[in-house]
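Spelled out, the chains give:
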Amino acid sequence: MMTNYETYRLNFEKEVQPLIKEMEAYAEKQFIPIMDRIGIETFISLLTIQKPTTLLEIGSAIGYSAIRLAQADSQLHIATIERDEERHAKAVHYIERAKLNDRISLFKDDALTLDTTSLPFACFDACFIDAAKGQYKRFFEKYEPLVKTGGIIYCDNMFMHGLVFLEDQEVPKRSRTMIRNLKAFTKWIMDNPEYETSLLPVGDGILIARKN
Ligand code: SAH
Ligand code: MG
């Protein structure tokens with residue numbers, strides 16, 4: 001007789017893990033910036049504490065984070081938005097192979113112009129912002145009304161691989177505006193009394209903002 005844990009582990013090794021590994025290899029080869037292992041495992045743990053049943057993701061890329069999160073919690077429903085045609089197509093493909101079509105809804109659109117009434121829920125327990133780093137404030141302002149009171153907005157890549165710790169003139173010119181915006185967003189949300197915010201120095205920096 002196998003224990004639940006053994007069944008889970010065997011299933012993970014045989015079915016889940018190969019797909020996840022394949023996605024990680026694809027992302028590395030194509031330079032697609034999916035969450036790293038430590039970041040995603042930490043994020044899964046945070047969601048285990050929060051226990052959202054609905055999550056809105058801005059920036060699906062190939063569906064890696066959405067799939068990992070949905071696999072970790074069988075009650076979780078995710079709506080996720082990706083504007084890039086090729087990445088969206090890959091996400092469709094992987095989500096189908098992960099058999100998660102019933103719990104992950106993909107939208108091929110620019111999150112800044114998407115009509116939010118087309119989303120499957122009017123209100124979300126959690127929002128995960130992981131798209132263009134220079135636009136975080138705009139994503140936040142557009143999507144925070146969809147997050148319920150007590151809900152949490154998470155943002156990835158708050159450190160931008162260390163670029164946010166450099167002086168402005170040390171930041172490569174092509175990244176300067178993006179980093180300025182990201183720093184301004186960080187200060188703005190940290191000082192925002194409507195949110196209780198902390199910055200977890202794990203992975204590439206995960207911001208956790210709880211709506212009061
Ligand atoms: N969350 C994914 C990684 C996302 S990478 C994971 O960890 O697996 C960021 C993605 O955001 C890119 O694929 C990019 O095309 C997308 N993106 C950037 N700006 C966007 C926008 N305005 N609307 C929708 N997607 C956007
Ligand atoms: Mg990211």
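Residue positions are given per chain, counted from 1 along the sequence in the order it is written. To label them, take the chains in the order written and letter them from A, then take the ligands in the order written and number them from 1. Totals for whole chains, interfaces and linings use every residue, but because this is a predicted model, local features are given only for residues with pLDDT of at least 70 and side-chain atom pairs only at 80 or more, for both listing and counting. Heavy atoms throughout the structure, all of them, feed into the side-chain values; hydrogens and water do not.

K.L.:
For the pattern of salt bridges, give the residues involved together with the corresponding values.
P.N.:
Salt bridges are defined as contacts in which a side-chain nitrogen from Lys or Arg sits within 4 Å of a carboxyl oxygen from Asp or Glu. Across all of its chains, the model carries nine salt bridges by this definition. As a salt-bridge pair, K148 and D125 come within 2.7 Å of each other at their nearest N and O atoms. Residue K148 is located in strand β5 (residues 147-155), and its partner D125 is located in strand β4 (residues 124-129); the two are separated by 23 residues in the primary sequence. Partly exposed describes any residue whose relative accessible area lies between the buried limit of under 20% and the exposed limit of over 50%, with all areas from a 1.4 Å probe on protein chains only and scaled to the type maximum. A residue is classified by how much of its surface remains accessible, and K148, at 34% relative accessible area, is partly exposed. A salt bridge links K187 to D191; the nearest nitrogen and oxygen atoms lie 2.8 Å apart. Assessed through its relative accessible area of 56%, K187 is described here as exposed. D191 sits in the exposed class, given a relative accessible area of 52%. For the purposes of this entry, the term helix denotes a DSSP run of H or I that reaches at least four residues, the term strand denotes a run of E that reaches at least two, and both are numbered from the N terminus.

K.L.:
Residue-level account of helix α3 (residues 64-72), with values.
P.N.:
Burial analysis of α3 places seven of its nine residues in the buried class, the great majority of the element. Along α3, the residues that are buried comprise Y64, S65, A66, I67, R68, L69 and A70.

K.L.:
Before we move on, can you summarise the sheet that holds strand β3 (residues 104-108) with the specific residues and values?
P.N.:
Spatially, seven strands are ordered β3-β2-β1-β4-β5-β7-β6 in an open sheet, and the strand pairing comes out mixed. The sheet is open, and its two edges are formed by β3 and β6 (195-200), each paired on a single side. Adjacent strand axes in the sheet meet at a mean angle of 15° when their direction is disregarded. Pairs of residues are marked as contacts when any of their non-hydrogen atoms sit within 4.5 Å. Between N-to-C directions, angles span 0 to 180 degrees; the directions come from axes that are lines fitted to C-alpha atoms, helices contributing only their stretch in contact. Sheet contacts for helix α6 (residues 176-190): β5, β6 and β7 (206-211); angle to β6, the most-contacted strand, approximately 135°. Pairing between two strands is assigned when DSSP locates at least 2 bridges connecting them.

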